[in-house]
Amino acid sequence: MDRAEQDLVTRCMRRQGFRYWPLPVLSVPARKVGAYVVDDVAWARQYGYGRTFDNAAQKANRDHPNITYVKALPKKERVRYSRALDGTFTDAITIELPSGGSVRTPRGGCYAQAREQLYGDYPTWFRARKTVTSLTPLYVPRVLEDERLTSAVAAWSRCMTAVGRPFQSPDAIRSERESLIRGMTEEQALQAEATLAVTEAQCAQKTSLGKTARALEAEYRGKVARDYAEEFTAYRQMRLSALTRARSL
């Protein structure tokens, strides 16, 4: 679906008289970055905490052809390019988020047109997606306070301490991650993070921390989702329809 969206945006921008290069689409391994705890040993051994993906994203943000192309355009053309791609907020969709606050997006522009083609109804899709993907503040605190998780974290911490990695929680590793590799070369940093991530994953498997965290997230998310059944149904159905359309592209 991501690739299809980029293809549709490319076609749309060309119709507007601009060049556009599809943005990189995250691979399956890259989408595993950011989990509460790493518990896939093979993934950890190869990717550590995803530094290679972070570096690739930074390089794309700096050197991608779209960036250099837009910078080379005259000022008026840059403005026209931006409006063609993203639309303007003079005509926008606004929704209230379940966790509070609101979010807006333009109705026009090539991104909106591409999503309209993929999902069938862009305003409905935007509303459903933003509702479904913004529920974490409503249930994550409950997950973190659940005794089943705190017990698993304590067991994981004991496992880590026993192998010379005394961290209280996976969050502690995340907060100290940059300081742990300070002064290292990039190659040394990648190796150091991979070694630590493998240890984290081994302890997570031994204590079932990853399985416990995922099960509790599903449980609490399911409870919150009952209040937004309409949005969840729309989100699921529109994604399935979009997948069919994406494959036809």
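Refer to the preceding data block for the structure.
Residues numbered from 1 in each chain as written. Predicted model: local features only at pLDDT ≥ 70, side-chain atom pairs only at ≥ 80, totals over all residues. Heavy atoms only, no water.

*Asks:* I'm lost on helix 7 (residues 122–132) in this one. Help?
*Replies:* Residues three or four positions apart in an α-helix share a direction because the helix packs 3.6 residues into each turn. For helix 7, the full list of buried residues reads Y122, W125, F126, A128, T131 and V132. Contact partners of the buried residues in helix 7: strand 1 (92–96), strand 2 (102–106), helix 6 (110–119), helix 12 (209–225) and helix 13 (229–248). (Buried < 20%, exposed > 50% of the residue type's maximum accessible area, 1.4 Å probe, protein only. Helix = DSSP H or I, 4+ residues; strand = E, 2+ residues; numbered from the N terminus. Contact = heavy atoms within 4.5 Å.)

*Asks:* Whenever I open this one, the side chain of N66 confuses me. Can you help?
*Replies:* Residue placement: N66 occurs in helix 4 (residues 65–71). On the accessibility criterion, N66 (7% relative accessible area) is buried. In this view, N66 contacts Y20, W21, L23 and Y81; residues no more than four positions away in its chain are not counted.

*Asks:* Would you mind showing me how to read the side chain of T10 here?
*Replies:* If you trace the backbone, T10 turns up in helix 1 (residues 2–15). Looking at T10, the relative accessible area reads 4%, which means it is buried.

*Asks:* Explain the packing of aromatic side chains to me, please; I cannot follow it from the model alone.
*Replies:* Working definition: an aromatic ring pair is given by the centre-to-centre distance plus the angle between the planes. Under the definition given, this model contains eight aromatic pairs. Where Y47 meets F53, the ring centres are 4.9 Å apart and the plane angle is 35°; that geometry is what we call tilted. Here Y47 and F53 have matching classes, each one buried. Measuring from ring centre to ring centre gives 5.4 Å for W125 and Y235, while their planes differ by 5°; the resulting arrangement is stacked. Of the two residues, W125 is situated in helix 7 and Y235 in helix 13; the sequence distance between them amounts to 110 residues. Judged on exposure class, the residue W125 and its partner Y235 are both buried. Site record: aromatic cluster; members linked through ring pairs are F18, W21, Y69 and Y81. In this structure, K223 packs its charged tip against the face of Y220, placed 4.9 Å from the ring centre. (Phe/Tyr/Trp six-rings, centres within 6.5 Å; stacked < 30°, edge-to-face > 60°. Lys NZ or Arg CZ within 6 Å of the ring centre and 35° of its normal.)

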